[in-house]
Amino acid sequence: MSSKWSVDVLLALGDGTRRYHELLEDLAPISEKVLTQTLRAMERDGLLVRRVHAEVPPRVEYALSPLGATMAPPLKALGSWSLAHGKRVEEARDRFDARAAARVRAA
């Protein structure tokens, strides 16, 4: 996965099939260019499936592929860990920043 947005796209598609503009709205502030590049790269990697419906105008939908769906459990576990331990991470950052600021003042 080559884009920092890939995880966000995987999480968005974990809820089911989505259209391009739905993804664009949900992933704001992602740009159209970056979303397009991310979707193409993920399709190339086999993580999602792009379906074009023969309509006017064409309707394009994106969904997780079976391979992409295998990433859901580890991503959910990571999200759960973040919720459970996020406060401790913030506290560690605050302590680190305070020590760094003290070193700068002492120099």
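Up top you'll find the structure we're talking about.
An account of the accompanying structure is given in this report. Worth saying up front: this structure is predicted, and the values here are computed from it rather than measured.

1. Quick look at the nonpolar core
A general feature of soluble globular proteins is that nonpolar side chains tend to end up buried together. Grouped together as the largest cluster of nonpolar side chains are 18 residues, with contacts concentrated most on V9, L23, L35, L39, L48 and Y62. Those elements giving two or more residues to this core turn out to be helix 1 (6-13), helix 2 (20-26), helix 3 (32-44) and strand 3 (59-64). Looking at this core element by element, the count peaks at four residues for helix 1. Ignoring anything within four residues of it in the chain, the contact list for L39 reads V9, Y20, L23, L48 and Y62.

2. Section: the environment of Y62
Inspection of the secondary structure puts Y62 in strand 3. Y62 gets classed as buried once you look at its relative accessible area, which sits at 7%. Sequence spacing of Y62 and A12 is 50 residues, and the spatial spacing of their C-alpha atoms is 10 Å. Setting aside its immediate chain neighbours within four residues, Y62 contacts L13, G16, T17, R18, Y20, L23, L39, L48, V49 and R50. Polar contacts involving the side chain of Y62 include one to the side chain of R50, which spans 3.3 Å.

3. Focus: the pattern of salt bridges
Taken as a whole, this structure holds four salt bridges when the rule is applied. Between E22 and R18 there is a salt bridge, and its shortest N-O distance comes to 3.9 Å. Here R59 ties to E55 by a salt bridge, and the two come within 2.9 Å at their closest N and O atoms. Several salt bridges converge on common partners, so that one network encompasses R18, E22 and D26.

4. Points about a negative patch on the surface
A contiguous patch of negative charge on the surface is contributed by E90, E91, D94 and D97. Mapped onto the elements, E90 comes out in helix 5 (residues 72-106).

5. Overview of the pairing of strand 3
As judged from the two bridges shared by strand 1 (residues 18-19) and strand 3, these two strands associate in the antiparallel manner. Bridge pairing in strand 3 places R19 opposite E61. Across six bridges, the pairing between strand 2 (residues 48-53) and strand 3 is antiparallel. Opposite H53, over in strand 3, you have R59 as the bridge partner. Two successive antiparallel strands, strand 2 and strand 3, enclose a turn made up of five residues.

What counts, and where the lines are drawn
The residue numbering used here restarts from 1 in each chain and proceeds along that chain's sequence as written. With the structure being a predicted model, the display of local features is reserved for residues of pLDDT at least 70 and the display and counting of side-chain atom pairs for 80 or more, all residues being used for whole-chain, interface and lining totals. The side-chain quantities take in all heavy atoms of the structure and omit both hydrogens and water. Remark: nonpolar core denotes a set of buried residues (Ala, Val, Leu, Ile, Met, Phe, Trp, Tyr, Cys) joined through side-chain atoms within 4.5 Å. Using a 1.4 Å probe on the protein chains alone, a residue whose accessible area is under 20% of its type maximum counts as buried, one over 50% counts as exposed, and one in between counts as partly exposed. Where helices and strands are cited, they refer to DSSP runs of H or I of at least four residues and of E of at least two residues respectively, numbered from the N terminus. Here, two residues are considered to be in contact whenever any of their heavy atoms come within 4.5 Å of each other. A 3.5 Å cut-off defines polar contacts: any pair of N or O atoms within that distance qualifies, except that in protein one atom must be a possible hydrogen donor and the other a possible acceptor, and neighbouring residues in sequence count only when both atoms are side-chain atoms. In what follows, salt bridge is the name for a side-chain nitrogen of Lys or Arg lying within 4 Å of a carboxyl oxygen of Asp or Glu. Like charges are joined within 9 Å and nonpolar side chains (Val, Leu, Ile, Met, Phe, Trp, Tyr) within 5 Å, but only among residues with over 30% relative accessible area and no salt bridge; these make up the patches. Where accessible areas are quoted, they stem from the Shrake-Rupley method and a 1.4 Å probe; at the residue level, only the protein chains shown are allowed to cover. The positive count covers Lys and Arg only, the negative count covers Asp and Glu only, and His and the chain ends enter neither. Every charge is mapped onto a representative atom, which is NZ of Lys, CZ of Arg, CG of Asp or CD of Glu. Think of it this way: DSSP has to see at least two bridges between two strands before they count as a pair.

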